[in-house]
Amino acid sequence: MNRPLEIEISEVVSLQSNGEPFYFIDCREADEYETASIPGTTLVPMSELRDRLSDLEPHRQSHIVVHCHHGGRSLAVAKALRQAGFPDAQSMAGGIDAWSIEVDSNIPRY
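Per-chain numbering applies: the sequence of each chain, read as written, is numbered from 1 onward. Residue-level local features of this predicted model are given only where pLDDT is at least 70; pairs of side-chain atoms are given and counted only at 80 or more, and the full residue set underlies all totals for whole chains, interfaces and linings. Each side-chain value is worked out from all heavy atoms of the structure, with water and hydrogens disregarded.

## Focus: helix α4 (residues 72–83)
Residues separated by three or four positions in an α-helix point in the same direction, a consequence of the helix having 3.6 residues per turn.
Then step 1. With twelve residues, α4 extends 17 Å between its outermost C-alpha atoms, agreeing within 8% with the 16 Å of an ideal straight helix rising 1.5 Å per residue.
Then step 2. Burial classes follow relative accessibility: with a 1.4 Å probe on protein chains only, a residue under 20% of its type's maximum area counts as buried, one over 50% as exposed, and anything between as partly exposed. Here a strand is any run of E in DSSP of at least two residues, a helix any run of H or I of at least four, and the numbering for each starts at the N terminus. Three or more residues of α4 are buried, namely Ser74, Val77, Ala78 and Leu81. The buried side chains of α4 occupy one side of the element, clustering within an arc of 100° when seen end-on. In α4, the exposed positions that point more than 90 degrees away from the buried face belong to Gly72 and Gln83.
Then step 3. Buried residues belonging to α4 abut α3 (49–56), β4 (64–67) and β5 (89–92).
Then step 4. Of the residues flanking the end of α4, it is Gly85, one or two places downstream, whose phi is positive at about 95°. In a helix, the anticipated span is given by 1.5 Å times the number of residues less one. Each C-beta atom gives one direction from the helix axis, and the arc is the one those directions make. In what follows, residue pairs with any heavy atoms lying within 4.5 Å of each other are defined as contacts.

So, in structure tokens, the structure goes:
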């Protein structure tokens with residue numbers, strides 16, 4: 001499937017609501033993840049991506065959604081994943097900050 005490089009938050013919420021399978025990656029650093037995180041995400045910091053590609057191997061053909069704080073790092077990670085052979089990687093536009101505003105205000109903004 002040729003998915004766009006970015007996915008809107010509303011589309012991610014729809015995937016979750018419909019029970020559609022996707023692998024949800026948080027590419028921020030561990031201290032950021034401890035401050036605020038979206039339930040169901042897996043922490044794979046951008047700084048560790050190269051060393052952790054083998055961990056992602058089971059998800060090579062899966063739909064992968066990556067998020068960060070505002071969307072910049074996740075865009076870079078989604079591009080890197082696509083170049084590494086993960087064709088269905090997407091970046092969640094707006095990141096966890098927008099998620100906190102649009103979806104779950106219980107997630108702290110920082």
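Still more to cover.
## Details of the pairing of strand β2 (residues 23–26)
Then step 1. Residues Tyr23 and Ile25 point to one face of β2 and Phe24 and Asp26 to the other, with burial holding for every one of them.
Then step 2. Bridge analysis of β2 against β4 gives four bridges, and the strand direction is parallel. Its bridge partner lying in β4, Phe24 is registered against Val65.
Then step 3. A crossover gets the label right-handed when its path from the first strand over the helix to the second runs clockwise, viewed with the strands pointing away from the viewer. Viewed along the sheet, the connection from β2 through helix α2 (residues 30–35) into strand β3 (residues 42–43) turns out right-handed. Should DSSP find at least two bridges between two strands, the strands are regarded as paired.

## Looking at the side chain of His69
Then step 1. Counting through the fold element by element, His69 comes out in the loop between β4 and α4.
Then step 2. At a separation of 3.1 Å, a polar atom in the side chain of His69 contacts the main-chain carbonyl oxygen of Tyr110. Whenever two N or O atoms come within 3.5 Å, that pair is a polar contact, provided that in protein one can donate a hydrogen and the other can accept it, and provided that, for residues adjacent in sequence, both atoms are side-chain atoms.

## Some points on the sheet that holds β4
Then step 1. In space, the five strands of this open sheet follow the order β1-β5-β4-β2-β3, with parallel pairing throughout. Strands with a single pairing partner mark the edges of an open sheet, and in this sheet they are β1 (6–7) and β3.
Then step 2. Of the pairings in the sheet, the one linking β2 to β3 comprises two bridges and is parallel in character. Its bridge partner being in β3, Ile25 is matched across the sheet by Thr42.
Then step 3. Fitted lines through C-alpha atoms serve as axes, helices being fitted only where they are in contact, and the angles separating the N-to-C directions of these axes extend from 0 to 180 degrees. On top of the sheet, α4 reaches β1, β4 and β5; it is set at about 180° to β5, its chief contact.

## A word on the environment of Ala98
Then step 1. Here Ala98 shows up in helix α5 (residues 95–102).
Then step 2. Since its relative accessible area comes to 13%, Ala98 is described here as buried.
Then step 3. Here the alpha-carbon distance between Ala98 and Arg52, two residues 46 residues apart in the chain, equals 27 Å.
Then step 4. For Ala98, the contacting residues outside a window of four places in its chain are Ile9 and Val103.

## Here we look at the packing of helix α1 (residues 9–17) against α5
Packed helix pairs are characterised by how far apart their axes lie and by the angle those axes make with each other.
Then step 1. For the pair α1 and α5, the least separation of the axes is 10 Å and the interaxial angle reads 70°. Taken together, the axes of α1 and α5 lie roughly perpendicular to each other. The residues of α5 that touch α1, namely those facing Ile9, Val12, Val13 and Gln16, are Gly95, Ala98, Trp99 and Glu102.
Then step 2. Across the contact of α1 with α5, the residue classes break down as five nonpolar, two polar and one charged. Roughly parallel covers angles under 35 degrees, roughly antiparallel covers those over 145, roughly perpendicular covers 65 to 115, and oblique covers all other angles. For this scheme, ten residues count as nonpolar: Ala, Val, Leu, Ile, Met, Phe, Trp, Tyr, Cys and Pro. Four count as charged, namely Asp, Glu, Lys and Arg, and the remainder, Gly too, count as polar.

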